[in-house]
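Given next are the chains, with one letter for each unit.
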Amino acid sequence: MTVYKAPQRDMKFVMDELLDMQSHYASLPGCEDASVEIVDAIREEASKFASNVIAPLNRTGDQEGCTWSEEGVKTPAGFKAAYDQYREAGWVGLIQDSEFGGQGLPISVGNMVTEMITSANLSWAMLPGANGGALETLHTWGSQEQKDTYMPNMVEGRWSGTMCLTEPHCGTDLGLLRTKAEPQEDGSYKLSGTKIFISQGENDLTENIVHIVIARIAGAPEGTGGISLFIVPKFLPDADGGMGERNPVTCGAIEHKMGLHGCPTCVMNFDGAKGFLIGPENKGLQCMFTFMNNARLGVALQGVAHADVGLQQSLAYAKDRLQMRALTGPKNPELMADPIIVHPDVRRMLFTQKCIAEGGRMFTYDIAKMLDVIQRSTDEELKAEMDDALGLLTPIAKGFLTEVGVESANLGLQCFGGHGYIQEWGLEQNVRDSRISSIYEGTTGIQALDLIGRKILGTQGARLNNYILQIAAFCEVNQENPAVAQFTSELVKHIKEWGELTKKIGSATAKNPDEMGAASVDFLMYSGYVVLAFYWARAAVVADKALQAGTTEEDFYKAKITTAKFYFQRLLPKTRGHVATMTTGADNLMELDAEHFVF
Ligand SMILES: Cc1cc2nc3c(=O)[nH]c(=O)nc-3n(C[C@H](O)[C@H](O)[C@H](O)COP(=O)(O)OP(=O)(O)OC[C@H]3O[C@@H](n4cnc5c(N)ncnc54)[C@H](O)[C@@H]3O)c2cc1C
């Protein structure tokens, strides 16, 4: 059984102390209800649900998996009862618009809950995740009638949503899509085609499933300029908003995959299914971009969750497992050996996971805070500023945190030695489940191209400059602060170098476009390490203040400062390798023609 204990103290540190969410909520219209007491109560309740209801289903769900038959898809035992409990408690509507039955709480509060359910049981959490994406699309692009028809049932959780983009021959390159939509006399469309890899495309958890589908209207241009977005419900709504006729959209099979066994990944066949255009014709891809930031945040959070789960298990194990003696002599002479936590290399693995879990938490919660501003603020200038920052930070969060999340999950397993490799402890499941995060919602390669191409070179470096100025301002304010002096000097060096690297890649790219692609993933990883360093330096400042003020939680704050030191001394130097690699140019990758690339 997976044991999960939400890191509530750390969540509170990030929300209340590092990001000062209370002032943030007080400044945003409609967030007045999010008082400290309410947010604490939500966190505590969600933590109980995550630990007591869905964590116990994580391993059994992995072992049993989902099954397909002509009648439909069956999720593992206990998944439906848990979902009913979640739905009845009102969790589905936590951050949804109150006009459609939601509780209207800020995105950042929902983000905290998402972290807990993701850590406890990612397979189970995929349904609320997919539903959230579909709801956001409907809310942003649906007509009032469409919203009134679908949203209340989805906000209540009786209906769920999916995002149907991928086809067998097109994943990254959606411009190749073939699913077609033929206009009908009644204003609807008839959709035909096959989508693959659709998370929760069919399930036994909800009564109806509302698919958000991209397709090409007959006669529309080829490529991305001819993509439109449609609502295709499994059961067409009747005149009273209930479930009417069955629509010919069916699940032909489910995939047998590496992890996420408790979540059905479906082949969906659209055989002349009735669909309704949502958003402007041929602007489907632009419509999808509006919720991309949220969706990418959700996956970035999976990186945090995998690191946190591995850390929780491996830290407990490292304190308990007795092997060999400490290099400096026995620490527990009365026992037959010392616990493995005495060994420097085990500590390296534990600290790395802690840096990624807690650093990633700071990073993703801050992104959620920016999303709150975009959703709620009336200050247009501030919104534009946040939009700018998010454009830069979202591909870094998604690409970097999922890559280091997988690395952390592996380190968690490594701490267990051979016992990590067998199923009993759940570490191998964490590794398997984590692996998809750097693939879906845009692979790391695609996030990296988005970052260096669209977000940085595409704005002549303006976005990056704005962010660098924030770090520079922090360093200036704290340059005399002995608690972080060693951190600010490293940050100052890195932001200078970050700008220089950008210029170098930019001018090389002007001569040869392959240069950008060749540098991209190293550049993304470099950026991720610098961004996380900024959060760790900020955390150290907050922790130092608490210690100076005579906190009663010395251990907690001292551990923050020690972890920040570890980060700056042992993880930030990874940027050296990325600089060395990204500056070697594209030739070493491109000089061998595809036909000579042989083995
Ligand atoms: C478990 C699971 C759940 C999923 N859920 C959903 C879902 O709910 N809805 C949905 O629509 N899809 C879903 N997907 C699909 C997922 O989003 C795609 O698999 C992903 O976008 C990659 O597409 P692809 O698999 O076709 O790979 P490809 O696009 O074929 O890419 C193959 C490789 O080529 C690289 N590559 C491609 N183009 C470039 C380029 N221009 N530059 C550099 N590298 C490039 C990629 O990075 C990758 O490494 C899911 C997939 C899985 C496995």
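Computed from a prediction, not measured in an experiment: that's the story for all the values here.

Student: What should I look at first to understand the overall build of the chain in this one?
Tutor: Secondary structure assignment for the chain yields 20 helices and 11 strands. Computed over the C-alpha atoms, the radius of gyration of the chain is 24 Å, within 12% of the 25 Å expected from 2.2 N^0.38 for a compact globule of 599 residues. If one aligns the C-alpha atoms of the chain with their principal axes, the spans along those axes are about 80 × 60 × 60 Å. In the chain, which comprises 599 residues, the share counted as buried stands at 56%.

Student: Sorry, what's going on with the environment of A26 here?
Tutor: Looking at the secondary structure, you find A26 in helix α2 (residues 21–26). When its relative accessible area of 64% is taken as the criterion, A26 is described as exposed. Separated by 153 residues in sequence, A26 and T179 place their C-alpha atoms 46 Å apart.

Student: Is there a simple way to think about the site of the ligand in this case?
Tutor: Among the 17 residues in the neighbourhood of the ligand, the closest are listed as M163, T166, T172, F197 and T443. At a separation of 2.8 Å, a nitrogen atom of the ligand approaches a polar backbone atom of M163. Interatomic distance of 2.7 Å between a side-chain N/O atom of T443 and an oxygen atom of the ligand. For the ligand, whose unbound accessible area comes to 980 Å², protein coverage reaches 60%. Tallying contributions element by element places strand β5 (residues 189–199) first for the shell around the ligand, with 3 residues.

Student: Before we go on, may I ask you to explain the environment of F351 in this structure?
Tutor: Residue placement: F351 occurs in helix α10 (residues 344–376). A sequence separation of 212 residues divides F351 from T563, and the C-alpha atoms of the two residues are 6.7 Å apart. Ignoring any residue separated from it by four or fewer positions in sequence, one finds F351 in contact with T562, T563 and F566.

Student: Any chance you could explain the side chain of D544 here in plain terms?
Tutor: For D544, the location among the structural elements is in helix α17 (residues 514–548). For the buried D544, no salt bridge exists, and the shortest N-O distance to an oppositely charged side chain is 8.1 Å, to K545. Not counting chain neighbours up to four residues away, the residues in contact with D544 comprise N481, A483 and I561.

Student: Before we go on, may I ask you to explain the pattern of salt bridges in this structure?
Tutor: It is possible for side chains of opposite charge to pair when their charged atoms get near one another. Per the counting criterion, the structure on display carries 36 salt bridges. The partner of D84 in a salt bridge is R87, with the nearest N and O atoms 3.5 Å apart. Note that D84 and R87 are positioned in helix α5 (residues 79–88) at a spacing of 3 residues, about one turn of the helix. Grouping residues by exposure puts D84 and R87 together as buried. Across the pair R432 and E428 runs a salt bridge whose closest N-O atoms are separated by 2.8 Å.

Student: Mind showing me how you'd approach helix α19 (residues 574–582) here?
Tutor: An α-helix turns once every 3.6 residues. As a result, residues three or four positions apart point the same way. Restricting attention to buried positions, one finds in α19 the residues T575, H578, V579 and M582. Along the axis of α19, the buried positions cluster into a sector of 100°, meaning they face one direction only. Contacts from the buried residues of α19 go to α16 (485–511), α17 and α18 (554–571).

Student: Please explain the packing of helix α15 (residues 462–477) against α16 as it appears in this structure.
Tutor: Between two packed helices, both the angle of their axes relative to each other and the distance between the axes serve to describe the pair. Put simply, α15 and α16 touch, their axes get as near as 9 Å, and they point 165° apart. Between α15 and α16, the angle falls in the class roughly antiparallel. Considering how the two elements wind past one another, α15 and α16 form a crossing that is left-handed. In this structure, α15 uses L464, Y467, I468, I471, A472, F474 and C475 to contact α16, whose residues at the interface are T488, L491, V492, I495, W498, G499 and T502.

Student: Which parts of the structure should I look at to understand the packing of aromatic side chains?
Tutor: Scanning the entire structure with this criterion turns up 22 aromatic pairs. For the pair Y83 and Y86, a centre-to-centre distance of 6.3 Å together with 35° between the ring planes defines the contact as tilted. With a gap of 3 residues between them, Y83 and Y86 both fall in helix α5, about one helical turn apart. We classify Y83 as buried; its relative accessible area is 1%. On the basis of relative accessible area, Y86 is assigned to the buried category, the value being 6%. Ring pairs connect the aromatic residues F363, Y467, F474, W498, F534 and Y535, which therefore count as one cluster. Residue placement shows R538 over the ring face of F534; its charged tip is 5.0 Å from the ring centre.

Student: Just checking my understanding: could you explain the nonpolar core for this structure?
Tutor: In summary, soluble globular proteins display a tendency toward joint burial of nonpolar side chains. Ranked by internal contacts, the top residues of the largest apolar core, which has 116 residues, are F363, W498 and Y567. Take this core: its biggest share by element is 21 residues, from α17. Ignoring anything within four residues of it in the chain, the contact list for Y567 reads C355, G528, Y529, L532, A533, W536, L572 and P573. If you look at the next biggest cluster of nonpolar residues, it comprises 26 residues, including A134, M151, L174 and L177.

Student: Any chance you could explain the pairing of strand β6 (residues 208–217) here in plain terms?
Tutor: Within a regular strand, side chains alternate between the sheet's two faces. Burial analysis of β6 places 10 of its 10 residues in the buried class, which makes it a mostly covered element. Pairing of strand β3 (residues 159–164) with β6 involves 6 bridges; the strand directions are parallel. The partner of S160 across the bridge, within β6, is I209. Bridge analysis of strand β4 (residues 180–183) against β6 gives 2 bridges, and the strand direction is parallel.

Student: Can you walk me through the side chain of T364 in this structure?
Tutor: When you line up the elements, T364 lands in helix α10. We classify T364 as buried; its relative accessible area is 0%. A polar contact of 3.3 Å, which involves the side chain of T364, links it to the backbone oxygen of R361. The residues touching T364, leaving out its near neighbours within four places in the chain, are N111, L297, A300, L301, V304 and L401.

Criteria and cut-off values
- Along each chain, numbering runs from 1 in the same order as the chain's sequence is written.
- Residue-level local features of this predicted model are given only where pLDDT is at least 70; pairs of side-chain atoms are given and counted only at 80 or more, and the full residue set underlies all totals for whole chains, interfaces and linings.
- The side-chain numbers reported here are obtained from all heavy atoms of the structure, hydrogens and water having been left aside.
- Working definition: helices are DSSP H or I runs of at least four residues, strands are E runs of at least two. Numbering for both runs from the N terminus.
- Radius of gyration here is computed from C-alpha atoms only, and the compact-globule reference equals 2.2 Å multiplied by the residue count raised to the power 0.38.
- To sort residues, take the accessible area from a 1.4 Å probe on protein chains only and compare it with the maximum for the residue type: under 20% means buried, over 50% means exposed, and anything in between is partly exposed.
- The rule for a residue being near a molecule or strand is that one of its heavy atoms must lie within 4 Å of it.
- Whenever a nitrogen or oxygen atom comes within 3.5 Å of another N or O atom, the pair is scored as a polar contact, on the condition that within protein one atom can donate a hydrogen and the other can accept it, and that pairs from neighbouring residues in sequence are kept only if both atoms are in side chains.
- Only the protein chains shown count as cover for residues, with accessible areas throughout obtained via the Shrake-Rupley method and a probe of 1.4 Å.
- Contact criterion: two residues are considered in contact whenever any of their non-hydrogen atoms come within 4.5 Å of each other.
- For the charge count, each Lys or Arg is scored as positive and each Asp or Glu as negative, with His and the chain ends excluded.
- A side-chain nitrogen of Lys or Arg and a carboxyl oxygen of Asp or Glu constitute a salt bridge if their distance falls within 4 Å.
- It is the directions from the helix axis to the C-beta atoms that the arc portrays.
- Interaxial angles span 0 to 180 degrees and are taken between N-to-C directions of axes, which are lines fitted to C-alpha atoms, for helices over the stretch in contact.
- Throughout, the term roughly parallel applies to angles under 35 degrees, roughly antiparallel to angles over 145, roughly perpendicular to angles from 65 to 115, and oblique to all others.
- Note on convention: near helix rotated counterclockwise from far helix by under a right angle means a left-handed crossing. Clockwise means right-handed.
- Working definition: a ring pair exists when centres of Phe, Tyr or Trp rings (six-membered ring for Trp) sit within 6.5 Å. Plane angles under 30 degrees give stacked, over 60 give edge-to-face, the rest tilted.
- The rule is short: NZ of Lys or CZ of Arg within 6 Å of the ring centre and within 35 degrees of the ring normal puts a charge over the ring.
- Residues enter a nonpolar core if they are buried and are Ala, Val, Leu, Ile, Met, Phe, Trp, Tyr or Cys, with the set joined through side-chain atoms within 4.5 Å.
- Strands qualify as paired when DSSP identifies two bridges or more between them.

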